[in-house]
Amino acid sequence: MSYELIEQNDKIIIKDIKNFEPKHIFECGQAFRWHVEDDGSYTIVAYGKILNIKKEGNDAVFSNTNKEDFKSIWYYYFDLHRDYDEIKKELSKDPILEKAIKFGEGMRILNQDEWEILISFITSANNMISRIKKSLNLLSEKYGEFIGEYRGNKYYSFPTANSLNKLSVEDIKECGLGFRAKYILSAANIVDRREMDIYAIKNMPTDDARKNLLIFPGVGPKVADCIMLFSMEKSDAFPIDVWVKRVMEYFYLEEDTKLKLIQEYGQEKFGELAGFAQQYLFYYARELGIGKKK
DNA sequence: ATCCAGGATCTCG
DNA sequence: CGAGATCCTGGA
């Protein structure tokens, strides 16, 4: 993919970018550490850096950064090497996906840090986005490193496995994590003691990667698929949360279909693009409240 | 006050 | 095995 890049002050601007809409990117359930500013821009913290991203007309404006960080971090983070026109073209052969894509046309799958995503999606179990965000921010504030202030808000790095492994279950519970606290502590322990190399899983085939992730307590099929999709470039993963279940049952299957069956159906139907299909469907279902009872 | 949203895990048949 | 109960917590 080639882009027209402009560098000015602390900004990098991509002119006439397609398939890029911060709202679609951040509000489709894949990331939690973002903050919407008054001007509609999104401030995010990832890989120890603070970035503000805003769509201005047809341009994407990356603020509080420089060309080096853009090239080494954000280009990959925002999946800018990938051709979303191709993905959309293929998925649009399905009439339902065609509609869903129109809705979230600017969605991209982010490439996030494996450790942070492991903890984030353990936190997501039986939880809702507003509280997940709150818990992860608290955890970072208390146990991460202060990075800096941006537009009046303070930002902290995500705590390392080593720093979480020093805590008690009670410490972690104080971040509003409830029954998930013990899972987070176990994960920190496993990763800190290198019983599992979380960064090696990405290099495994999807099925092996899934098996390895399921070893972590608090990680089940849905969470494992989220981790693979959002931090390990496993685009064939098809995480099924309540929203995807609803939208799949509503359009493709019937009510009360077993999760395993929906999973197989999705993998079969969308193949290597299942993860992208899942994201478009999730955003579509949530924005429209599709299949929600009452 | 009581109910509800949310996946993993535990328990029971 | 599969079905159903249980776990936390903030917001209505």
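Here, the structure is the one placed above.
The present account deals with the structure reproduced in this document. Predicted, not measured: the structure shown is a model, and the values here were computed from it.

Conventions used here
Residues numbered from 1 in each chain as written. Chains lettered and ligands numbered in written order. Predicted model: local features only at pLDDT ≥ 70, side-chain atom pairs only at ≥ 80, totals over all residues. Heavy atoms only, no water. Helix = DSSP H or I, 4+ residues; strand = E, 2+ residues; numbered from the N terminus. Rg over C-alpha atoms; globule rule 2.2 N^0.38 Å. Buried < 20%, exposed > 50% of the residue type's maximum accessible area, 1.4 Å probe, protein only. Areas by Shrake-Rupley, 256 points an atom, 1.4 Å probe, with all protein chains shown as cover. Lys, Arg positive; Asp, Glu negative; His and termini not counted. Charge placed at Lys NZ, Arg CZ, Asp CG, Glu CD. Phe/Tyr/Trp six-rings, centres within 6.5 Å; stacked < 30°, edge-to-face > 60°. Lys NZ or Arg CZ within 6 Å of the ring centre and 35° of its normal. Contact = heavy atoms within 4.5 Å. Polar contact = N/O pair within 3.5 Å; in protein donor to acceptor, adjacent residues only side chain to side chain.

**A closer look at the overall build of chain A**
Point 1. Scanning chain A for helices and strands turns up 14 helices and eight strands.
Point 2. Taking 294 residues into account, the globule formula puts the C-alpha radius of gyration at 19 Å, and chain A, at 19 Å, falls close to it.
Point 3. The principal-axis extents of the C-alpha atoms in chain A amount to approximately 50 × 45 × 40 Å.
Point 4. With 294 residues in all, chain A has 52% of them scored as buried.
Point 5. A total accessible area of about 13700 Å² is found for chain A, and carbon and sulfur atoms account for 48% of it.
Point 6. For chain A, the centre of its 43 positive side-chain charges and the centre of its 47 negative side-chain charges are spaced 4 Å apart.

**Some details on the packing of aromatic side chains**
Point 1. Evaluated as defined, the whole model comprises 23 aromatic pairs.
Point 2. Ring geometry for Phe70 and Tyr75: centres 6.4 Å apart, planes at 70 degrees, overall edge-to-face.
Point 3. Of the residues examined, Phe70 reaches a relative accessible area of 2% and is grouped as buried.
Point 4. Ring centres of Phe121 and Phe230 lie 5.5 Å apart, and the angle between their planes is 35 degrees; this geometry places the pair in the tilted category. Within this pair, whereas Phe121 is found in helix 5 (residues 114–123), its partner Phe230 is found in helix 11 (residues 221–231), the two being separated by 109 residues in sequence.
Point 5. Given the relative accessible area of 2%, Phe121 is considered buried.
Point 6. Put simply, the rings of Tyr3, Phe20, Phe26, Trp34, Tyr42, Tyr47, Phe62, Phe70, Trp74, Tyr75, Tyr77 and Phe78 touch in pairs and so form one group of aromatic residues.
Point 7. Between Lys133 and the ring centre of Trp34, over which it is positioned, the NZ or CZ distance is 3.1 Å.
Point 8. It is Arg246 that lies over the ring of Trp243; its NZ or CZ is 4.5 Å from the centre.

**Some details on helix 5**
Point 1. Taking burial as the measure, the ten residues of helix 5 include ten buried ones, the bulk of the element.
Point 2. If you check which residues of helix 5 are buried, you get Glu114, Trp115, Glu116, Ile117, Leu118, Ile119, Ser120, Phe121, Ile122 and Thr123.
Point 3. For helix 5, the elements touching its buried residues are helix 6 (129–143), helix 7 (161–165), helix 8 (169–177), helix 9 (181–192) and helix 11.
Point 4. Two or three places before Trp115, at the start of helix 5, stands the capping residue Asp113, its side-chain oxygen 3.1 Å from that residue's backbone nitrogen.

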